[in-house]
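Take a look at the letters that make up each chain.
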Amino acid sequence: MPAGCVVVQSDRTLLVEVDHPGYPAARDALARFAEMVKSPEHVHTYRITPLSLWNAATAGWGADRVLSSLREHSRFDVPQNVIADVTEYIGRYGRLTLLPGEGDAAVLEVDTERFATRLARDRVLDRYLQDRVDDTHFRIRLEMRGALKLALINVGYPVVDKAGFTPGVPLAMELRTTTRAGLPFALRAYQQNALHSFLAGADGGGTGVVVLPCGAGKTVVAMAAMAALKTETLILATSTTAVHQWMEEIKDKMEVPEECVVEYTGRKKNVGPVTVATYSVLTTRKGESWPHFNTLSGRGYGLIIYDEVHLLPAPVFRVTAEIQGRRRLGLTATLVREDGREGHVFGLIGPKRYDSPWRELEAQGFIAQAICTEMRVPFAPSWREAYEIAGKRGQHRVAAENPVKLQVVRELVEAHASDLVLIIGQYLHSLREVARELGAPLITGETPEPERDRLFGRFKRGEERILVASKVANFAIDLPDANVLIQLSGAFGSRQEEAQRLGRILRPKGGPARFYTLVTRESVEMEMGMHRQLFLAEQGYKYAIEDWAPPDGVPLRDAPPPPLAVPAPGDERQDGDAHDLPRGPHEDVVEEAVGARAPPEPDRSATIIPFPVARR
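If you're wondering where the values come from, they're calculated on a predicted model, not measured in any experiment. (Residues numbered from 1 in each chain as written. Predicted model: local features only at pLDDT ≥ 70, side-chain atom pairs only at ≥ 80, totals over all residues. Heavy atoms only, no water.)

### Thoughts on the overall build of the protein chain
Cut-off, in case you're wondering: In this text, helices come from DSSP runs of H or I with a minimum length of four residues, and strands from runs of E with a minimum of two, each type numbered from the N-terminal end. Burial classification: accessible surface area is computed with a 1.4 Å probe over protein chains only, and a residue below 20% of its type maximum counts as buried, one above 50% as exposed, and the rest as partly exposed. We call two residues in contact whenever any of their non-hydrogen atoms come within 4.5 Å of each other. Note on areas: Shrake-Rupley, 1.4 Å probe, and residue coverage restricted to the protein chains presented here.
Helix and strand counts for the protein chain come out as 23 helices and 25 strands. For the protein chain, with 616 residues in total, the buried portion stands at 60%. At a minimum sequence separation of 6, the contacts of the protein chain that also span at least 24 residues come to 75%. Counting only carbon and sulfur atoms, one obtains 51% of the accessible surface of the protein chain, whose full area is about 24100 Å².

And the structure:
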């Protein structure tokens, strides 16, 4: 057996040889306690971060297990400082525990008197730790529960939250054994494991995130949690279309009176035992008040479900800080965030409870096999100069809207004449051109919800073979029969968007799904494309690279370049995009908890060793 495929470096980065026979086992192990940083052809780079280690600790991985895994796959000895850091960071998990208190208070328990004193002297934490009960305990006001957890993460210490949850108003509901259409229905083994991990984590369970690829049944896990807890539930989704899909799934697969499942959106504002609402309506502000947040938070929900939790905008983080007394389940295909706020999700929603490798589910037939291809496209003749004189942001748009891509799209559509093809892009101008040229319907943020639902329905039934969509189709859209996706352009280097878009075509169909991403050669799109592919590379996907050229005698498509290499209003962001939500209530408390200060370099002589929450 050759030496291990992992080189552990003293800065906690890990170099992994992809062509080594031990790579698949090493990749699966590293996914438990490290994060991928980059993935060129032959050597992938991972990094061990505090957050990755805390998630491992929550899942029951102690320092000994992490270090044993590193030694098993490492080509050389593990550096001593890495051993010390892994031991230190995982050792921080469990040093701070929130316990039930009396009345409107909880109790923060600290493992040593010296550590408690140092925490109380921290200039960010002192506002929360003024009421010291004894040498190792502080009384904490319940409304500060979430903000304190964020503040402690900012100085480098996670909190094990055992302060308890309100049971919520009881609601009898069960999972069906057959759907309304008479089809058999039961939890798959991995869905049962995800449910168990959520309900019975190392810290007592009841809050956290379940990570499963699109099409693997995250919604089913959420419904199983609802059936297990039997309490009134609030579900937060990204759009009205997603709200309707949730409602249909619940009615199809749960024994619960239909009148109990209601919609709270911009169109309808009903409150009931199971309320499905959009993030945007939750954080709508009128003057100085937050009427919808107050309406929904005032009901006795015992469980809150966050769909696409990786997209949570700042207002929902702030709102969530105020409702820590409810059980919270986050659902996502990937926890990566380009703004580095994974720590917010950990602190306010909960740790990662379950994460199943995508390729493992593919091997079992639960998601489709996917063939990923990056097609590198030359510039249109008259666009190269426009690209060179544009600023960086403008260069992205020029490369993204390169008209040669439309030539490639037509070629791909003709090659997949018997398939259901979804075309997604970032910029409306090029999307309109594609839709016009192919005679296909176009869905954008300006498309009314009823029309969106009608077009998605026609596509699902095969009445439309081609559908063109802006990034409103990135997530929470159920298109089970789509088997080809052409990515015309994307939101810069977003890994989460790449994963979400591939997820649109991962439902099993009896054959492989094809994912094409079009990248303008010799442009910023190539570098951004490499970053976008990081998460999927971590899951074991590989991109074939094709340099596209027109057939002999066929000229490159050309058009006048854009007069200004900057986005026109509405060209980048679409209605319903969670990132566009307004700022929410209680923002001052949580902003301070998050902290604008940069933590100092580690001082190993001190009890507290601050470090920044992982940022990319």
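### So, the packing of aromatic side chains
As a reminder of what qualifies: Centre distance within 6.5 Å is the pairing criterion for rings of Phe, Tyr and Trp, where only the six-membered ring of Trp is used; planes under 30 degrees apart are then read as stacked, over 60 as edge-to-face, and the remainder as tilted. Two conditions define a charge sitting above a ring: the NZ of Lys or the CZ of Arg must be within 6 Å of the ring centre, and it must be within 35 degrees of the ring normal.
In this structure the tally under the stated criterion is six aromatic pairs. Seen in terms of ring centroids, W54 and F346 are 5.9 Å apart; in terms of plane orientation they differ by 50°. Their pairing is tilted. Within this pair, whereas W54 is found in helix α2 (residues 50-58), its partner F346 is found in helix α13 (residues 342-349), the two being separated by 292 residues in sequence. There is no split in this pair, since W54 and F346 are both buried. With a centroid separation of 4.7 Å and 50° between ring planes, the pair formed by F115 and Y157 is classed as tilted. Pair noted here: F115 is in helix α5 (residues 113-121) and Y157 is in the loop between α6 (145-154) and β9 (160-161), with a separation of 42 residues, a long-range link. Both residues of the pair, F115 and Y157, count as buried. Across from the ring centre of Y157, 4.6 Å away, lies the NZ or CZ of R92, which sits over that ring.

### Observations concerning the sheet that holds strand β8 (residues 137-141)
Within a sheet, each strand pairs with its neighbour through backbone hydrogen bonds, oriented either parallel or antiparallel. Filter applied, for reference: Strands are labelled as partners when DSSP assigns at least two bridges between them. Working convention: axes come from line fits to C-alpha atoms, limited for helices to the stretch in contact. Angles between N-to-C directions cover 0 to 180 degrees.
The five strands lie next to each other as β7-β8-β6-β5-β9, forming an open sheet whose pairing is mixed. Only two strands of the sheet have a single partner each, and these edge strands are β7 (132-134) and β9. Note that strand β6 (residues 105-110) and β8 share five bridges and pair antiparallel. Bridge pairing in β8 links A105 to R141. Helix-sheet contacts for α6 involve β5 (96-100), β6, β8 and β9, and the interaxial angle to β5 is about 170°.

### Side note on the nonpolar core
Soluble globular proteins tend to pack their nonpolar side chains together in the buried interior. Note the threshold: Side-chain atoms within 4.5 Å are what join buried Ala, Val, Leu, Ile, Met, Phe, Trp, Tyr and Cys residues into a set we call a nonpolar core.
I250, W358 and L502 are the most contacted members of the largest nonpolar core, which has 69 residues in total. No other element matches the eight residues that helix α8 (residues 218-229) contributes to this core. Beyond its immediate stretch of four places on either side in the chain, I250 contacts M223, M226, I235, V256, V261 and V274.

### Some points on the pattern of salt bridges
Heads up, the condition is: One side-chain nitrogen of Lys or Arg within 4 Å of one carboxyl oxygen of Asp or Glu is enough to make a salt bridge.
Scanning the entire structure with this criterion turns up 36 salt bridges. Here K253 ties to D252 by a salt bridge, and the two come within 3.0 Å at their closest N and O atoms. On the basis of relative accessible area, D252 is assigned to the buried category, the value being 17%. Notably, a salt bridge pairs E446 with R432, separated by 3.9 Å at the nearest N-O pair. Highlighted residues: E446 in the loop between β21 (442-443) and α19 (449-460) and R432 in helix α18 (residues 428-438), separated in sequence by 14 residues. The class for E446 is exposed, based on a relative accessible area of 58%. The exposure class assigned to R432 is partly exposed, which follows from its relative accessible area of 39%. Through salt bridges that share partners, R410, E414, E437 and R557 make up one connected network.

### Looking at the layout of surface pockets
Where we set the bar: Here a cavity denotes grid points, spaced 1 Å and computed from the protein atoms alone, that fit a 1.4 Å probe unable to get out, and a pocket denotes an open set having protein on both sides within 12 Å along at least 5 of 7 lines; residues with an atom within 4 Å of a point are the lining. Grid points are joined across faces, edges and corners, and a volume is the space filled by probe spheres set on the points. Following the grouping adopted for this structure description, the nonpolar residues are Ala, Val, Leu, Ile, Met, Phe, Trp, Tyr, Cys and Pro, the charged ones are Asp, Glu, Lys and Arg, and the polar ones are all others, Gly among them.
If you add up the space inside the largest pocket, you get close to 970 Å³. The wall of the largest pocket is formed by 35 residues, among which G215, T219, E249, D478 and R507 lie closest to the centre. Elements represented by at least two residues in the lining of the largest pocket include exactly α8, α9 (240-253) and α19. In terms of residue count, the dominant contributor to the lining of the largest pocket is α9 (nine residues). Its residues placed into classes, the lining of the largest pocket shows 13 nonpolar, eight polar and 14 charged.

### Quick look at empty space enclosed by the protein
Where empty space is left in the structure can be found by rolling a water-sized probe over the atoms. Here the structure, examined in full by the defined rule, presents six cavities of 30 Å³ or more. Its boundaries defined by the atoms lining it, the largest cavity holds a volume of some 120 Å³. Contributing to the lining of the largest cavity are 16 residues, with G490, T517, V519, E525 and R532 lying nearest its centre. A total of four residues in the lining of the largest cavity trace back to one element, the largest contributor, which is helix α21 (residues 524-532). Counted by class, the lining of the largest cavity contains five nonpolar, seven polar and four charged residues.

### Notes on the sheet that holds β21
As summarised here, the arrangement of the seven strands in space is β21-β22-β20-β23-β24-β19-β25, forming an open sheet in which the pairing is parallel. This sheet does not close on itself; its edge strands, each paired only once, are β21 and β25 (543-547). As defined by bridge partners, β21 adjoins strand β22 (residues 466-469) across two bridges and the pair is classed as parallel. In the sheet register, L442 faces β22, and the bridge partner there is V468. Packed onto the sheet, helix α20 (residues 495-503) meets β19 (370-377), β20 (421-424), β23 (484-487), β24 (513-520) and β25 and runs at close to 140° relative to β24.

### Description of helix α1 (residues 23-30)
Rules: Throughout, the arc means the angular range of directions from the helix axis out to the C-beta atoms.
Among the residues of α1, those classed as buried are Y23, A26, R27, A29 and L30. Angularly, the buried residues of α1 cover 165° about the axis, an arc narrow enough to put them on a single face. Looking at the packing, one finds that the buried side of α1 touches β1 (6-8), β2 (13-17), β4 (43-47), α3 (63-73) and α22 (534-538).

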